Amino acid sequence: MPSRLSSLSFKRIGYSLVENLLILFSVFLAMAIRFSFSADQVLEYEFVFFKSLLIAFVCQFSFYYNDLYAIHFESRWRDWLLSFAQSLAASSIILAVLYYLFPSLIIGRGIFLLTIILLPAVLIPWRFIYFRLLRIKPMQENILIIGSGQMARIMGELVYTEHKDKYNILGFLDEDPARIGERVINPGIIGTYDGLSKIMEAHPVNRIIVAIQDRRGKLPVADLLRYKFQGVTIEESETFYERLAGKILVENIKPSWFIFSSGFRGFKFLKLIKRAMDILLSTAALLVTWPLFLLIATAIKLESFGPVFFRQERVGENEKVFVLLKFRSMCNDAESETGPLWASKDDSRITRVGNFLRRSRLDELPQLINVIKGDMSFVGPRPERPYFVERLEKQIPYYMLRHTLKPGITGWAQIRYSYGASVEEALEKLQYDLFYIKNLSIWLDITIISETIKIVLLQKGSR
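Residues numbered from 1 in each chain as written. Predicted model: local features only at pLDDT ≥ 70, side-chain atom pairs only at ≥ 80, totals over all residues. Heavy atoms only, no water.

### Brief notes about the overall build of the protein
- A tally of helices and strands in the protein yields 17 helices and nine strands.
- Looking at the 463 residues of the protein, the share that counts as buried comes to 49%.
- The long-range share in the protein, meaning contacts at least 24 apart out of those at least 6 apart in sequence, stands at 73%.
- Accessible area of the protein: about 23,900 Å², with a carbon and sulfur share of 62%. (Helix = DSSP H or I, 4+ residues; strand = E, 2+ residues; numbered from the N terminus. Buried < 20%, exposed > 50% of the residue type's maximum accessible area, 1.4 Å probe, protein only. Contact = heavy atoms within 4.5 Å. Areas by Shrake-Rupley, 256 points an atom, 1.4 Å probe, with all protein chains shown as cover.)

### Regarding the packing of aromatic side chains
- Inspection of the entire model under this criterion finds 14 aromatic pairs.
- Ring centres of Phe309 and Phe327 lie 5.4 Å apart, and the angle between their planes is 15 degrees; on these two criteria the pair is classed as stacked. Residue Phe309 is found in strand β6 (residues 309–315), and its partner Phe327 is found in strand β7 (residues 321–327); the two are separated by 18 residues along the sequence.
- Under the relative-accessibility criterion, Phe309 is labelled partly exposed at 26%.
- By the ring-pair criterion, three or more aromatic residues cluster together here, those being Tyr15, Trp126 and Tyr130.
- Lying across the ring of Tyr227, Arg226 places its NZ or CZ 4.6 Å from the centre. (Phe/Tyr/Trp six-rings, centres within 6.5 Å; stacked < 30°, edge-to-face > 60°. Lys NZ or Arg CZ within 6 Å of the ring centre and 35° of its normal.)

### Structural notes on the confidence of the model for the protein
- Overall, the predicted model of the protein reaches an average pLDDT of 84, with 89% of residues at or above 70.
- Contacts from residues 1–8, a stretch scored under 50 in pLDDT, to residues over four places away or in other chains number 28 contacts. (pLDDT = per-residue confidence, 0-100.)

### Let's talk about the pairing of strand β5 (residues 233–236)
- By the bridge criterion, four bridges tie strand β4 (residues 207–210) to β5 in an arrangement that is parallel. Its bridge partner lying in β5, Arg207 is registered against Thr233. (Pairing = 2+ DSSP bridges.)

### What to know about the environment of Lys326
- Structurally, Lys326 can be placed in strand β7.
- When its relative accessible area of 11% is taken as the criterion, Lys326 is described as buried.
- On a C-alpha basis, the gap between Lys326 and Asn370 in space is 9.8 Å, while along the polypeptide they are 44 residues apart.
- Not counting the four nearest positions on each side in its chain, Lys326 is found in contact with Val308, Phe309, Phe310, Asp363, Glu364, Pro366 and Gln367.
- Here the side chain of Lys326 touches Asp363 through a polar contact of 3.4 Å, side chain to side chain. (Polar contact = N/O pair within 3.5 Å; in protein donor to acceptor, adjacent residues only side chain to side chain.)

### What about the packing of helix α3 (residues 48–65) against helix α4 (residues 77–101)?
- Two numbers describe how α3 lies on α4: the axes approach to 8 Å, and their chain directions differ by 135 degrees. Taken together, the axes of α3 and α4 lie oblique to each other. Helix-helix and strand crossings are classified by hand; for α3 and α4 the assignment is right-handed. Contact with α3, carried on its side by Leu54, Ile55, Val58, Cys59, Phe61, Ser62 and Phe63, involves Phe84, Ser87, Ala90, Ser91, Ile94, Leu95, Leu98 and Tyr99 of α4 and no other residues of that element. (Axes fitted to C-alpha atoms, helices over the stretch in contact; angles between N-to-C directions. Parallel < 35°, antiparallel > 145°, perpendicular 65-115°, else oblique. Left-handed = near helix turned anticlockwise from the far one by under 90°.)

### Some details on the packing of helix α11 (residues 267–303) against helix α12 (residues 352–360)
- Where α11 contacts α12, the axes come no closer than 9 Å and their chain directions differ by 150 degrees. Judged by the inter-axis angle, α11 sits roughly antiparallel to α12. Residues Ile296, Ala299, Ile300 and Glu303 of α11 touch α12, and the partners they reach there are Arg352, Val353, Gly354 and Leu357.
- Looking at the contact of α11 with α12, its residues break down into five nonpolar, one polar and two charged. (Nonpolar A, V, L, I, M, F, W, Y, C, P; charged D, E, K, R; others polar.)

### Some remarks on the nonpolar core
- Ile248, Phe327, Ile396, Trp412, Leu434 and Tyr436 are the most contacted members of the largest nonpolar core, which has 50 residues in total.
- When residues of this core are assigned to their parent elements, the largest contribution, nine residues, is made by helix α16 (residues 423–438).
- Those residues within four positions of Tyr436 in sequence are excluded, and the remaining contacts are Lys274, Val379, Gly380, Pro381, Leu405, Trp412, Leu444, Asp445 and Ile448.
- Of all hydrophobic cores here, the second largest spans 33 residues; its members include Phe35, Phe112, Val122 and Phe131. (Core = buried A, V, L, I, M, F, W, Y, C linked by side-chain atoms within 4.5 Å.)

### So, the side chain of Ser360
- Looking at where Ser360 falls in the secondary structure, it is placed in helix α12.
- Looking at Ser360, its side chain comes within polar contact range of the main-chain oxygen of Phe356, at 2.8 Å.

### Topic: the sheet that holds strand β2 (residues 167–174)
- Read across the sheet, five strands follow the order β3-β2-β1-β4-β5 without closing on themselves; strand pairing throughout is parallel. Only two strands of the sheet have a single neighbouring strand rather than two, namely β3 (189–192) and β5. Going across the sheet, the axis of each strand differs from the next one's by a mean of 30 degrees, ignoring polarity.
- Sheet strands in contact with helix α9 (residues 237–245) are β1 (141–146), β2, β4 and β5, and its direction is about 90 degrees off that of β5.

### Here's the deal with unusual backbone geometry
- Of note, Ser36 is a non-glycine position whose phi angle comes to about 55 degrees, a positive value.
- We classify Ser36 as exposed; its relative accessible area is 62%.
- Residues other than glycine seldom take positive phi values, yet Tyr398 does so here, at roughly 65 degrees.
- Note on placement: Tyr398 falls in the loop between α14 (386–395) and β9 (408–410).

### Quick notes on a nonpolar patch on the surface
- On the surface, a nonpolar cluster with roughly 580 Å² of combined accessible area is contributed by Ile93, Val97, Tyr100, Leu101 and Phe102.
- The residue Leu101 is located in helix α4 in this model.
- Residue Leu101 is classed as exposed on the basis of its relative accessible area of 52%. (Patch = residues over 30% accessible without salt bridge, like charges linked within 9 Å, V, L, I, M, F, W, Y side chains within 5 Å. Salt bridge = Lys/Arg side-chain N within 4 Å of Asp/Glu carboxyl O.)

### Structural notes on the environment of Thr289
- In this structure, Thr289 sits in helix α11.
- Judged by relative accessible area, Thr289 falls into the buried class, the value being 13%.
- Separated by 76 residues in the primary sequence, Thr289 and Leu365 have C-alpha atoms spaced 8.3 Å apart.
- Apart from residues lying up to four places away in sequence, Thr289 is in contact with Leu365 and Leu368.
- Here the side chain of Thr289 touches Ala285 through a polar contact of 2.7 Å, landing on its backbone oxygen.

### Details of α11
- Between its terminal C-alpha atoms α11 stretches only 45 Å, short of the 54 Å expected from 37 residues at 1.5 Å a residue.
- Its axis deflected by about 55 degrees at Thr289, α11 carries its strongest bend there, up to four residues before the proline Pro291. (Expected span 1.5 Å × (residues − 1). Bend = angle between axes of the 7 residues up to and from the residue.)

Below, the structure written as structure tokens:
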């Protein structure tokens, strides 16, 4: 998948597997210490491998839900160490509960305590070494950016601020020889388009990014073809940006990019699978959460006059309007005098119960009914109101493309960006929505659902 998920696929999965082995090593080392390094006693310990894997799974589960894999040890080591300590504490609590409920899983207090002591001694040095290795030049791809305008600067800043561990920018090329030496970001302009071959001879370039808007008669096509067949990766800036940022920069893209790019296909079969998943997940969720429906309905009724459910028209797949259900979180008839308004931070229209429901995302629960009815999916672009859609389609390019799929209770934009309450924020969210539509897959849906659960538990991004 040409996305930020591709970097997750190999680098993070590889990192997680090594970390898993290190946790298992810590458990076995703890057992060896406990049994005075008697190999027979260690290997004969009841269900030793299963119990060790359980500890590794719980630890990594806690690491993930404490954002431990999202914080770089070397750049924010205090945050990482704090999250690491919290994760170990959470792992200990989870395992203690599991041991209480299922005594056969217990590995032994002495072994367990030794494991908790050994884990920091093993995992902290591993994390430090791992990120140091990523900084070694041979581990990085050397990239050359053809162009020095706005798009080239956006590419450079993205790489320089967020992806220095993977890419090293050698420099930029410009049409004007007089600009050689001029700074673009930290690296500057090191040559011209016509001088591409000299630059390639002088530097070990792994990837060339073409970031020129008007390419007619400017691109050194013959040289690019030659280097392409020599194994150098050549990418358009829009594709490179999409892969690294996890969104599509719509303001810099022409319709032809959508037409000829990979993705935006295979909807028919995937829609069938998504629909089956939607019915299964929403039915299961309703069976589990129906007691919450009763509690929330009672709380809403006790606090304020009005209906329990809030019904509002939203625009769905193929711009079909449907009625979305939510638990009412605002005063009754909140927009009777003002007309349609985006929700804002500390909105005075929100009730005390409504504030809790919004922060915990429990106000979204009735949308499970919309999913079963077929108006919505579990994952997809969030549905917007017809009033705002009409305005946004006039102001934002390609906005209508987000209606090619069923809207979702959660989505890629929801886990990557905060609540959208303006045209500018709607544009930003559209870029994530289009990325999701382009790279639609069941694995991406599972990733989004997993991230959503984490966000709900940590109460991030709600308004």
